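The lines below spell out each chain.
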Amino acid sequence: MAQIRPLSEALTGTSVDVPAGQPVLQVDDLVLRFGGTTAVGGVSFDVQRGELFAVIGPNGAGKTSIFNCLSGVYRPQEGRVRFLGEDLLGLKPDVVADRGVARMFQNIELFDNLTVLDNLMLGRHQHVGYGMLAGMLWVGRAKRAELDNRRIVEDIIDFLEIEAFRKLPVGMLPYGVKKRVELGRALAMEPKLLLLDEPVAGMNVEETEDMARFILDIRTELELAMIMVEHDMGLVMDLADRILVVDFGKPIALGTPDVVSNDPEVIRAYLGEGDDGPDLQTEAATAAAVTTEEAGR
Ligand SMILES: Nc1ncnc2c1ncn2[C@@H]1O[C@H](COP(=O)(O)OP(=O)(O)OP(=O)(O)O)[C@@H](O)[C@H]1O
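Residues numbered from 1 in each chain as written. Predicted model: local features only at pLDDT ≥ 70, side-chain atom pairs only at ≥ 80, totals over all residues.

## Side note on the overall build of the protein chain
1) Next: For the protein chain, the count of helices and strands is 12 helices and 10 strands.
2) Next: Within the span of the protein chain, comprising 297 residues, buried residues form 39% of the whole.
3) Next: Sequence-distant contacts, at least 24 apart, represent 69% of the contacts inside the protein chain between residues at least 6 apart. (Helix = DSSP H or I, 4+ residues; strand = E, 2+ residues; numbered from the N terminus. Buried ≥ 20, exposed ≤ 12 C-beta atoms within 10 Å, placed from the backbone. Contact = placed C-beta atoms within 7 Å.)

Encoded structure:
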């Protein structure tokens, strides 16, 4: 059996070669309207290599619309998106994915009847690199590429600790494991930017902690740039390097968890959600205390 490789050796395609100080992604003045509704109203931010960047905001604030603009689902009326120095806007979702932007979907987009292994192999489809005839005859480059892809997928399965489920149809799996497979499918694409769309939505505490650990390991091992949209404020305050807060499509704050959670406008936007809204300052203080405690260990 092949030895387990560190993720950085398995997924070499994720490494980016950006000059110091240059962002992986640069978003300028993005505007997206649906008739009279401005879903995204002048949003700008950048994401650096190895950065976990979060976008938060109350329901309907425009977070999903921003993701849809980045991944080519929507074409914004105004603005510019530069990814590794090239324009991304106007490209179709499959072309955006081929350029290196993968998305882990909130509503898991896997094939329920296929096994974990086959779902992850589908994530490799843009890396096949051989013609149809060679593929059908299982010769030469096709055979080599298939074996390479298989090995990469097995490494991802090991990394995500889902070996026990590899031959099972995804439809049979518990929700938390499905979300891990969804993350694995996105990783299998060897992205240079990973979009995490509510990665812990619907998860219990233990599943959330596991997912948080995988996200942190991905950042450390691959130095991957990631953008996360998430309602779990504890997770966001704990993991994110920087946070963009949007409300009614407009950016209202951008900065570290500490800065953002003390911003009066952000507190107002969240308190406006009612008594059940998250207490951002408590979440940020708890996250800081945990980080300090971990550093002292
Ligand atoms: N396809 C669409 N057609 C019309 N309006 C839309 C469409 N998609 C989003 N909107 C509107 O744009 C605004 C922003 O929606 P969006 O889904 O981006 O918010 P969100 O912050 O992701 O919300 P949530 O946290 O509830 O998922 C909302 O007013 C929404 O109704």
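## Some remarks on the sheet that holds strand β1 (residues 25-34)
1) Next: Strands sit in the order β2-β1-β4-β5 across an open sheet of 4 strands; the sheet is antiparallel. Every other strand in the sheet has two partners, leaving β2 (37-47) and β5 (86-87) as the edge strands with one partner each.
2) Next: Two strands pair when backbone bridges link them, and β1 and strand β4 (residues 78-83) are joined in this way by 5 bridges, in the antiparallel orientation. Each bridged residue has a counterpart across the sheet, and for Val27 the counterpart in β4 is Val81.
3) Next: Contacting β1, β2 and β4, helix α2 (residues 63-70) crosses the sheet at an angle of about 65° to β2. (Pairing = 2+ DSSP bridges. Axes fitted to C-alpha atoms, helices over the stretch in contact; angles between N-to-C directions.)

## Quick notes on the site of the ligand
1) Next: Lining the immediate surroundings of the ligand are Phe34, Thr37, Ala39, Gly57, Asn59, Gly60, Ala61, Gly62, Lys63, Thr64 and Ser65.
2) Next: Those elements giving two or more residues to the shell around the ligand turn out to be β2 and α2.
3) Next: If you tally residues by element for the shell around the ligand, the top one is α2, at 3 residues.
4) Next: For the shell around the ligand, the per-class residue count stands at 3 nonpolar, 7 polar and 1 charged. (Near = placed C-beta within 6 Å. Nonpolar A, V, L, I, M, F, W, Y, C, P; charged D, E, K, R; others polar.)

## Quick word on the sheet that holds strand β8 (residues 225-229)
In a beta sheet, neighbouring strands pair by backbone hydrogen bonds and run either parallel or antiparallel.
1) Next: With respect to topology, 6 strands assemble into an open sheet ordered β6-β7-β8-β3-β9-β10, the strand pairing being mixed. Each edge of the open sheet is held by one strand with a lone partner, namely β6 (101-104) and β10 (250-255). On average, each strand axis in the sheet is tilted by 20° relative to the strand beside it, whichever way the strands run.
2) Next: In the sheet, β6 pairs with strand β7 (residues 193-197) via 4 bridges, with the strands oriented parallel. Note that in β7 the partner of Ala102 across the bridge is Leu194.

## Observations regarding the pairing of β1
1) Next: Alignment of β1 against β2, held across 8 bridges, turns out to be antiparallel. Pairing of Leu30 across the sheet is with Val43, part of β2.
2) Next: From the end of β1 to the start of β2, which pair antiparallel, there are 2 residues, and Gly35 there has a positive phi angle of about 55°.

## Points about the environment of Arg150
1) Next: With respect to the helices, strands and loops of the structure, Arg150 is situated in helix α6 (residues 140-159).
2) Next: Note on Arg150: 15 C-beta atoms within 10 Å, which makes it partly exposed.
3) Next: Along the primary structure Arg150 and Asp263 are separated by 113 residues, whereas in three dimensions their C-alpha atoms are 48 Å apart.

## Structural notes on helix α8 (residues 205-222)
1) Next: Taking 1.5 Å per residue as the helical rise, α8 with its 18 residues ought to reach 26 Å, and the 26 Å between its terminal C-alpha atoms agrees with that figure.
2) Next: When we look at burial in α8, the residues that qualify are Met211, Ile215, Ile218 and Leu222. On an axial view of α8, the arc spanned by its buried residues comes to 70°, and they lie on one face. Facing away from the buried side of α8 by over 90 degrees, the exposed positions are Val205, Glu206, Glu209, Arg213 and Thr220.
3) Next: Positive phi appears at Glu223, one or two residues downstream of α8, with a value of about 50°. (Expected span 1.5 Å × (residues − 1). Arc of directions from axis to C-beta.)

## Some points on α2
One full turn of an α-helix is made of 3.6 residues, so residues set three or four places apart face in the same direction.
1) Next: In terms of burial, α2 is largely enclosed, as 7 of its 8 residues are buried.
2) Next: For α2, every residue scored as buried is listed here: Lys63, Ser65, Ile66, Phe67, Asn68, Cys69 and Leu70.
3) Next: Count one or two residues on from α2 and you reach Gly72, which has phi positive near 85°.

## Points about the nonpolar core
For soluble globular proteins, nonpolar side chains are generally found buried alongside one another.
1) Next: By size, the foremost hydrophobic cluster in this structure holds 79 residues, and its most contacted members are Ala54, Ile156, Leu194, Leu195, Met226, Val236 and Val245.
2) Next: Element by element, the count of residues in this core is highest for helix α7 (residues 175-188), at 6 residues.
3) Next: What Ala54 contacts, discounting residues up to four positions off in sequence, is Met228, Glu230, Val236, Ala240 and Ile243. (Core = buried A, V, L, I, M, F, W, Y, C linked by C-beta atoms within 7 Å.)

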